[in-house]
Amino acid sequence: MKISKIDGIGEVIYIKRKNARRISVIIQPYDTIKVSIPKYISYTMAESYILDNRAVITKKMSELNKKIVHFDENTNFTTKWHKLKIEQKKSSYIEYFCEDHTLNINYPLSRNVYEQDIQQIIRKAIIETLRLEAKIYLPERMKQLAQQNNLHFNKIFIKNIKTQWGSCSYNNNINLNLHIMRLPDHLADYVLSHELCHTIHKNHSTYFWKLLSSIMNEDVSKHRYEIKNYSPQLFWFQKNH
């Protein structure tokens, strides 16, 4: 692994991967840019590739930054059971806690809420709250859907996954993304039902989609399209619970 700083881009981490066939640039919100490179390509060649493609990379970074939410006292954000409340307090530290269905985040009068570390703590507090809610809601809802459709799964694991909403193993263990809690209810049910269908069909064959549509009692093509508007990595304010 190698780390370098590129003007206009910032810190870049280069990682050699055994299975990589080409240079791949990974740009994710709230994260350092990572470059996956094949074993046979040198770090110098990879850095030259980044320099040659700097304009394209900075454009993608700019587009992504426009989608990133910055939280402040006027932010109207809710989880399924909690409302976010951000306040400045006479304190020397940042604190967060849940009380009466409110996620309280307090930061010092001497600080600016938009400072990077404060924004990171706010996101961390929201994720921890989502995790607590997910551990209560998602297993119970999955059991309900399974019983209603005579389907069976083994174990459920709640994780903070960057890309997938969920997955199902060959022995029917199901991983669920805690960010499902931020989806509208019909899309949350779509994700859970999707993974339940994988306990029968381990692929996305015609039979899989027919089973999923029968569970949802409607054509799920609109759900497949709608969920593309949401990302586990990005926060949004709209809630339709």
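What you see is a predicted model, and the numbers here were worked out from it, not measured in a lab.

(A) Geometry of the pattern of salt bridges. Considering all chains together, one arrives at 9 salt bridges under this definition. Between Asp 185 and Lys 80 there is a salt bridge, and its shortest N-O distance comes to 2.9 Å. Here Asp 185 is found in helix α4 (residues 185-197), whereas its partner Lys 80 is found in the loop between α2 (54-67) and β5 (83-89), with 105 residues between them in sequence. Ionic pairing is found between Asp 189 and Arg 141, a salt bridge with its closest N-O pair at 2.7 Å. Separated by 48 residues along the polypeptide, Asp 189 in helix α4 and Arg 141 in helix α3 (residues 116-148) bring together distant segments of the chain. An identical accessibility class is assigned to Asp 189 and Arg 141; each is buried.

(B) Seen up close, helix α5 (residues 206-216). Those residues of α5 lying buried are Phe 208, Trp 209, Leu 212, Ser 213, Ile 215 and Met 216. Along α5, the residues classed as buried sweep out an arc of 160° about the axis, all on the same side. Of the exposed residues in α5, those oriented more than 90 degrees away from the buried face are Thr 206, Tyr 207 and Lys 210. In this structure, the buried side of α5 is in contact with α4 and α6 (221-226).

(C) Layout of the packing of aromatic side chains. Evaluation of the coordinates by the stated rule reveals 3 aromatic pairs. Note on Phe 71 and Phe 77: the rings are 5.7 Å apart at their centroids and 90° apart in plane angle, and the pair reads as edge-to-face. For Phe 71, a relative accessible area of 0% gives the class buried. Accessibility expressed as a relative area gives 1% for Phe 77, which makes it buried. When the centroid spacing of 6.3 Å and the interplanar angle of 80° are considered together, the rings of Trp 81 and Tyr 137 count as edge-to-face. Of this pair, Trp 81 sits in the loop between α2 and β5 while Tyr 137 sits in helix α3; the two residues are 56 residues apart in sequence, bridging distant segments of the chain. On the accessibility criterion, Trp 81 (34% relative accessible area) is partly exposed.

(D) Highlighting the sheet that holds strand β10 (residues 174-177). Pairing in this open sheet of 3 strands is mixed, and the strands run β8-β10-β9 from one edge to the other. On the outer flanks of this sheet lie β8 (156-159) and β9 (166-168), each paired with one strand and no other. Taken over all neighbouring pairs, the strand axes of this sheet differ in orientation by 15° on average, direction set aside. Here 3 bridges tie β9 to β10, and the two strands are oriented antiparallel to one another. Bridge pairing in β10 places Ser 167 opposite Asn 175. Relative to β8, α3 is tilted by about 150°, and along the sheet it contacts β8 and β10. Taken strand by strand, α4 contacts β9 and β10, and its axis lies near 165° from that of β10.

(E) Geometry of the environment of Asn 203. Structurally, Asn 203 can be placed in the loop between α4 and α5. Judged by relative accessible area, which is 40%, Asn 203 ranks as partly exposed. Separated by 199 residues in sequence, Asn 203 and Ser 4 have C-alpha atoms that sit 40 Å apart. Excluding anything up to four places from it in sequence, Asn 203 contacts His 198 and Phe 208. Polar side-chain contacts of Asn 203 include one of 3.0 Å to the side chain of Ser 205.

(F) Quick peek at the sheet that holds strand β7 (residues 102-108). Strand order in the open sheet made by the 3 strands is β5-β7-β6, with mixed pairing throughout. Each having just a single partner strand, β5 and β6 (95-99) make up the two edges of the open sheet. With direction set aside, neighbouring strand axes in the sheet form an average angle of 20°. As paired elements, β5 and β7 share 7 bridges and run parallel to each other.

The rules behind the values
- Residues numbered from 1 in each chain as written.
- Predicted model: local features only at pLDDT ≥ 70, side-chain atom pairs only at ≥ 80, totals over all residues.
- Heavy atoms only, no water.
- Salt bridge = Lys/Arg side-chain N within 4 Å of Asp/Glu carboxyl O.
- Helix = DSSP H or I, 4+ residues; strand = E, 2+ residues; numbered from the N terminus.
- Buried < 20%, exposed > 50% of the residue type's maximum accessible area, 1.4 Å probe, protein only.
- Arc of directions from axis to C-beta.
- Contact = heavy atoms within 4.5 Å.
- Phe/Tyr/Trp six-rings, centres within 6.5 Å; stacked < 30°, edge-to-face > 60°.
- Pairing = 2+ DSSP bridges.
- Axes fitted to C-alpha atoms, helices over the stretch in contact; angles between N-to-C directions.
- Polar contact = N/O pair within 3.5 Å; in protein donor to acceptor, adjacent residues only side chain to side chain.

All quantities given are derived from atomic positions and should not be read as evidence of function.
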